[in-house]
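Residue-level listing of the chains:
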Amino acid sequence: MGRFFRDIKKYYKYAIYSGRAGLKAEVANSRLSWLWWILDPLLFMIIYWFLSQIVFGQRTRYYMVFVFIGLNMWDFFQKSIVTNVRVVTNNSSIVTKVYLPKFILVLIEMFKYGFRMAIAFGLVGVMMILYRVRITWKILFVLPIFFTLFLLVFGISCIVAHFGVFIEDLQNVAAVGMRLLFYISGVFYEIEPKLKGISRIPGTLADIMIQWNPISFLITQCREALIYAGNINLTMLCFWMAVGFLLSAIGVFLIYKYEKDYVKVI
Amino acid sequence: MDDRKNAIEVEDVHLSYQCLQAFPLRKSIFSLKKSKVEKYEALRGISFGVKKGEIVGVIGRNGSGKSTLLKAIAGIFAPDQGTITLATPSVSLLSIGVGFQRKLTGRENVMLSGMLLGFSEQQILEKMDEIIEFAEIGSFIDRPVKTYSSGMFSKLAFSITAVLETDIMLIDEILSVGDTKFKKKSYEKMKELIFDKNRTVMIVSHNPDTVRQLCTSVLWIHEGKVRMQGDVETVLEAYEGEA
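Please read these numbers as outputs of a predicted model, since none were measured by experiment.

**Concerning the packing of helix α4 (residues 121-135) of chain B against helix α6 (residues 180-194) of chain B**
Residues and elements named next belong to chain B.
Inference 1: One can describe the packing of α4 onto α6 by two numbers: an axis separation of 11 Å at closest approach and a directional angle of 140°. As summarised for this structure, α4 and α6 are arranged oblique, according to the angle between their axes. Taking contact as the criterion, the partners of E130, E133, F134 and A135 in α4 are, on α6, F182, K185, S186 and K189.
Inference 2: Among the residues forming the contact of α4 with α6, the class breakdown is 3 nonpolar, 1 polar and 4 charged.

This is the structure:
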C-alpha cells in the first residue's frame, strides 16, 4: 500500500505529462483537432436518437442528454479497458529500458480517455441548459459516481493489463465482451422506461441488468443525478465502490508481483 | 586500504528467466496438461561491491548475464533471490530515445524522456538549453521528431542521457552516436561523464581497448557467476588467455 502511494507520488507528474503528450500527438495532424472528442459521441448520439426515437418510437425524456451521458461514460469505460489489455506490450520500448510501475501506464491511458470524457461532458452541461433540465442538489452525486467509475476501470484495467502480457488474444476477447456488454447496458435505451409505455424487459431482469452490471448501474445513477433528480441507490453505489477498491487492490498486487516477468515475455 | 563506501552492493543475486511466451487463449483453454515452464538462470548467486567513483568494466561472453546484471541494478528486473543495494536512488541505464513520441516536438520529447529517467520538470528545464546546444539541432528542437533525420534523432536522444546526469551510470555498449564529428564529440562527453570522480560507472563492453582506456577495475562474468574481479590488466589477461 505504502509502495503504491510512493510510486504514485513519484510518477504522477510523468503520467500527466505523458497523457497530455499522448492527447496532443493524437490530434497533431487532425484538422478538427480536439473537436473529434466531442464530434465522435455527438454523431453516434444522432444515430441512436434516430434509431430509438424515430424507428422504434420510444419516448424518453431529454433523450439527447440521456444518450450523450451514456455514450461518454461507456466510451471511457470501454476504451480504457480494451486499450489497457495491451498497454505493457505497446510500451515495450519503455519497459525494457527503464523501471516504471506498470500501473502508471494504465493511469496514462485512463487520463487520456478521462480528459476526452471531461471535454465531452462540457457539452452535456450545454444540452442541460438547452433542455432546461431542473438542476437539484442531487447533481453532487456525480462525484462518488465518477469516483466509483474510475476505481472500477482502474482495477479491471490493471488486471487485464497483467493477463494481456501473457495471453495474446485477450484484446479480441475484451473487444467482443465489451460489444455484448454495450447492448445490455442501456447506453442508448432505457432499461426501465420512466414515461408510461410498454417495457420489453421484464421487471426482475431489468433490475438485474441495472444493479449487477456496474457500467449500466453507474450510467443510470449519473442520469438520475444530472437530469432526472431521482433517487440514488446509495447501497449499490457503496457496493460497487467497494468492488472497485477490491479490484484495484488485486490489480496492483498482480502487477507488483509479476511485473519483473513482463520484460522477459515481451 | 580503500575506505570509500560501496555505491553498489550486490549480494548473492539469482535471477531466472522463465522461458515464458505470450500464448493464445485457445491453447490455455484446451491444454489440460499444464505445460512445463523452462527456466534459464541468467545470474547464479552473484556478489560484488563497487566503490563510489569507481569505473567498472563488465566483461564476459555473449549470454553470460552482463546485460541482465545491469538491468537488475537499474531495477528493470527484480532478483529472485539476493539483494542489490544502491547508495543513491539516482541511477540510470544509459539508453537513448526512451519514451520518445515521433509526433511531438524535440523539446516535448526531452521533457518526456527526462521525466521517465526520473528527473523533475524543474531539473529538465534547467538543463534544456545545454541539451539543445549539445544536440546541435538548432530550431529543429521545436519541430516534430518525425521530421528529423536518423542522425538528428540519435544526437538529441544521446544529448538527453548525456546531459541529465545520474550518480550511478550503467552503460551497455552505447558510447557514441551520430556522424563522425558527433561520434567524437559524444565519445568525449561520455569520457567526461565517466571520469567524474563523484560518479560510479559500470560499462559492459566486448572491446578490451575500451575497458583499458576507461575502467579502473574489471568484473568478469561467466555463466551467471563472477569469475574474477580485480584490476584491469590482471582480469583482462586472464579473460583473453581463456578466449
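Next, the rest of the story.
**Considerations on the environment of Q221(A)**
Residue and element names in this part refer to chain A.
Inference 1: Relative to the elements of secondary structure, Q221 occurs in helix α10 (residues 214-228).
Inference 2: Counting along the chain gives 202 residues from Q221 to G19, while the straight-line C-alpha distance between them is 28 Å.
Inference 3: Not counting residues within four places of it along the chain, the set of residues in contact with Q221 comprises I145, N231, I232 and N233.

**Section: the sheet that holds strand β7 (residues 200-204) of chain B**
Residues and elements named next belong to chain B.
Inference 1: Reading across from one edge, β5-β6-β7-β3-β8-β9 is the order of the 6 strands in this open sheet, with mixed pairing throughout. A single partner strand is all that each edge strand has here, and the edge strands are β5 (91-94) and β9 (225-230). Averaged over neighbouring strand pairs, the angle between their axes works out to 20° when direction is ignored.
Inference 2: Along the sheet, helix α2 (residues 66-74) contacts β3 (55-59), β5, β6 (168-172), β7 and β8 (217-222); its crossing angle with β6, the most-contacted strand, is approximately 150°.
Inference 3: Its contacts with the sheet place α6 against β3, β5, β6 and β7, and it is angled at close to 140° to β6.

**Thoughts on helix α3 (residues 63-85) of chain A**
Inference 1: Taking 1.5 Å per residue as the helical rise, α3(A) with its 23 residues ought to reach 33 Å, and the 33 Å between its terminal C-alpha atoms agrees with that figure.
Inference 2: Here α3(A) lies mainly inside the structure; 19 of its 23 residues are buried.

**So, the packing of aromatic side chains**
Inference 1: Counted by the stated rule, this structure contains 32 aromatic pairs over all chains.
Inference 2: Taking 5.7 Å as the distance between ring centres and 90° as the angle between the ring planes, the aromatic pair formed by F103(A) and Y256(A) counts as edge-to-face. Separated by 153 residues along the polypeptide, F103(A) in helix α6 (residues 102-130) and Y256(A) in helix α11 (residues 234-265) bring together distant segments of the chain. Neither F103(A) nor Y256(A) differs from the other in exposure class; each is buried.
Inference 3: Summarising the aromatic geometry, the rings of F100(B) and F153(B) are spaced 5.1 Å apart at their centres and angled 70° between planes, so their arrangement reads as edge-to-face.

**Some remarks on the pattern of salt bridges**
Inference 1: The full count for this structure, using the stated rule, is 14 salt bridges over all chains.
Inference 2: Measuring nitrogen to oxygen at the nearest pair gives 4.0 Å for the salt bridge that ties D7(A) to R3(A). Of this pair, D7(A) and R3(A) both sit in helix α1 (residues 2-27), 4 residues apart, roughly one helical turn.
Inference 3: What makes D7(A) buried here is its relative accessible area of 11%.
Inference 4: With a shortest N-O distance of 3.6 Å, E136(B) and K155(B) are connected by a salt bridge. With E136(B) in the loop between α4 and α5 (150-163) and K155(B) in helix α5, this pair connects stretches of sequence that are 19 residues apart.
Inference 5: According to the relative accessible area criterion, K155(B) is buried, its value standing at 12%.

**Observations concerning the layout of surface pockets**
Inference 1: Of the volumes computed, that of the largest pocket is approximately 1,000 Å³.
Inference 2: Put simply, the parts of the chain that give the lining of the largest pocket at least two residues each are α1 and α11 of chain A together with α2, β4 (81-86) and β5 of chain B.

**Considering the interface of chain B and chain A**
Inference 1: Taken residue by residue, the interface counts 35 residues in chain B and 29 residues in chain A.
Inference 2: For the pairing of chain B and chain A, the buried interface totals around 2,800 Å² over both sides, and the portion due to carbon and sulfur atoms is 64%.
Inference 3: The interface formed by chain B and chain A includes 1 salt bridge.
Inference 4: Put simply, E108(B) and K24(A) hold a salt bridge, and the shortest N to O gap is 2.2 Å.
Inference 5: Applying the counting rule to chain B against chain A returns 1 residue pair in polar contact (both at pLDDT 80 or more).
Inference 6: Looking at the side of chain B that touches chain A, the elements with two or more residues in it are β1 (6-18), α1 (25-30), α2 and α3 (106-116) of chain B.
Inference 7: The element that contributes the greatest number of residues to the side of chain B that touches chain A is α3(B), accounting for 5 residues.
Inference 8: Residues belonging to the side of chain B that touches chain A are distributed by class as follows: 21 nonpolar, 7 polar and 7 charged.

**Notes on the nonpolar core**
Inference 1: If you look at the biggest cluster of nonpolar residues, it comprises 137 residues, and the most contacted ones within it are M73(A), L149(A), I227(A) and L156(B).
Inference 2: No other element matches α3(A), which puts 14 residues into this core.
Inference 3: Those residues in contact with I227(A) that sit more than four places away from it in its chain are Y62(A), V65(A), F66(A), I69(A), M128(A) and V133(A).
Inference 4: Ranked by size, the runner-up nonpolar core spans 29 residues in total, among them I8(B), V50(B), V56(B) and F77(B).

Calculation notes
Residues numbered from 1 in each chain as written. Chains lettered and ligands numbered in written order. Predicted model: local features only at pLDDT ≥ 70, side-chain atom pairs only at ≥ 80, totals over all residues. Heavy atoms only, no water. Axes fitted to C-alpha atoms, helices over the stretch in contact; angles between N-to-C directions. Helix = DSSP H or I, 4+ residues; strand = E, 2+ residues; numbered from the N terminus. Parallel < 35°, antiparallel > 145°, perpendicular 65-115°, else oblique. Contact = heavy atoms within 4.5 Å. Nonpolar A, V, L, I, M, F, W, Y, C, P; charged D, E, K, R; others polar. Pairing = 2+ DSSP bridges. Expected span 1.5 Å × (residues − 1). Buried < 20%, exposed > 50% of the residue type's maximum accessible area, 1.4 Å probe, protein only. Phe/Tyr/Trp six-rings, centres within 6.5 Å; stacked < 30°, edge-to-face > 60°. Salt bridge = Lys/Arg side-chain N within 4 Å of Asp/Glu carboxyl O. 1 Å grid on protein atoms, 1.4 Å probe; cavity = no way out; pocket = protein on both sides within 12 Å on 5 of 7 lines; lining within 4 Å. Points joined across faces, edges and corners; volume = space filled by probe spheres on them. Buried area = accessible area lost by both parts, 1.4 Å probe. Polar contact = N/O pair within 3.5 Å; in protein donor to acceptor, adjacent residues only side chain to side chain. Core = buried A, V, L, I, M, F, W, Y, C linked by side-chain atoms within 4.5 Å.

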